Amino acid sequence: MKYRKKILSLMVLLGLFFGAYFVYQFYKTFFWDNTKFEEKVAFVHVYEDDSFDDLLDKLSPLLNSTNDFTAAAVKKGYNTRIKSGKFVIKKGSSNNDVVNSLRSKSLIVRVTFNNQERIQNLAGRIAQQIAPDSLTLLNAFLDPIFLKENRLNEANAMSIYLPNSYDFFWNTTAENFRDKMWSSFNKFWTSERIEKAKKLGFKPKEVIYLAAIVQKETVKDDERQRVAGVYVNRLKRRMKLQADPTIIYAIKHKTENFDTVIKRVLYKDLKVKSPFNTYKNKGLPPGPITMPDISSIQAVLNPEKHNYIYFVADPSNPGYHLFASIGRQHNKNEKKYTNWLDKQRVYR
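Residues numbered from 1 in each chain as written. Predicted model: local features only at pLDDT ≥ 70, side-chain atom pairs only at ≥ 80, totals over all residues. Heavy atoms only, no water.

## Observations regarding the overall build of the chain
Looking only at helices and strands, the chain has 14 helices and 6 strands in total. For a compact globule of 348 residues, the expected C-alpha radius of gyration is about 20 Å, and the chain comes in at 31 Å, more than 25% above that figure. Dimensions of the chain, computed from C-alpha atoms along their principal axes, come out at roughly 125 × 45 × 35 Å. When burial is assessed residue by residue, the chain has 42% of its 348 residues classed as buried. By sequence separation, contacts in the chain at least 24 residues apart represent 65% of the contacts at least 6 residues apart. Surface accessibility of the chain: about 20,000 Å² in total, with carbon and sulfur atoms responsible for 51%. With 57 positive and 35 negative side-chain charges, the chain shows a separation of 3 Å between the mean positions of the two kinds. (Helix = DSSP H or I, 4+ residues; strand = E, 2+ residues; numbered from the N terminus. Rg over C-alpha atoms; globule rule 2.2 N^0.38 Å. Buried < 20%, exposed > 50% of the residue type's maximum accessible area, 1.4 Å probe, protein only. Contact = heavy atoms within 4.5 Å. Areas by Shrake-Rupley, 256 points an atom, 1.4 Å probe, with all protein chains shown as cover. Lys, Arg positive; Asp, Glu negative; His and termini not counted. Charge placed at Lys NZ, Arg CZ, Asp CG, Glu CD.)

Structure follows, in structure tokens:
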């Protein structure tokens, strides 16, 4: 009898032990804090083609135990149904919390871009902010079918991307990003803006081309309408634009070296063979030479009314320009500027 009682007591103790161990393991696996990062939150980027093992590699620096996480994920069926996106994990999260976070909607990110010189640069900038890589984005931007359907080409494809901040899911596709930019471009061109462009003799995309030149000519917002007025006056008089920024772009485009720094345009540069050379070709270039900001676009749509057809940098007022309506005055202004360049030893 005593022996039987001892066996029974031992079985009860073992039962309690295994029960306690089971409860311990259950709570440890599902409900105990499993994070080891110091910040309040950590972010996890899961790509479309990531496997569960890829996810574990990303979680390894963030979790105390990936084995416990795996056990919880398997129990909850997450290991075979991972989803792509950008997700947040809060410090102090349990494995149950982490799985639920990774199952939730991808975070919305604010995508911002401006002042990109080429569409390749734009693709690189966007790739830093959403899931698609730069090549995937560039292929979407220059997709022949998309360009043809919307009367675009490789030279002017960047004109539809208006610098601003836009909200996207991190795992949005390159095509979705491009299509939203096209939609935003069309929304920007209200009937009022289209009418203003039409009165100036421009199509919406052509406003972007000229705004890009204005953007490169002056960094001063309060001078952009005056500079825009100069170019509008030249076009009305059927003059060539003769914009130095287009020469700089033409040289970079021809040499395929956009890291080139040119501080001074030389007379020999004016002979460069390029559709972007506005000293040789009449009218606007075939596309934007940079991404103009909204203030430059508005300046072209609302050019200052004046008689100026010439301008040159003002050495006595950095960032601004000297304007003239006759060649004689312009020659004086230009001489003042070239003398200043020589004194500064700016030869290229």
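From this point, the discussion proceeds with the structure in view.
## Concerning unusual backbone geometry
With a phi angle near 60°, arginine 238 is a residue other than glycine that sits in the positive phi range. Relative to the elements of secondary structure, arginine 238 occurs in the loop between helix 11 (224–236) and helix 12 (244–255). Here the phi dihedral of glutamine 242 falls at roughly 45°; this positive angle occurs in a residue that is not glycine. As for its position among the elements, glutamine 242 is in the loop between helix 11 and helix 12.

## Focus: the pairing of strand 3 (residues 108–113)
Here strand 3 shows a clear split, with Val109, Val111 and Phe113 buried on one side and none of Ile108, Arg110 and Thr112 buried on the other. Both strand 3 and strand 4 (residues 164–169) contribute to a ladder of 6 bridges, which runs antiparallel. Its bridge partner being in strand 4, isoleucine 108 is matched across the sheet by phenylalanine 169. (Pairing = 2+ DSSP bridges.)

## Here we look at the side chain of serine 274
Relative to the assigned elements, serine 274 resides in the loop between helix 12 and helix 13 (294–301). Non-local contacts of serine 274, meaning those with residues more than four positions away in its chain, are made with Ala250 and Asn281.

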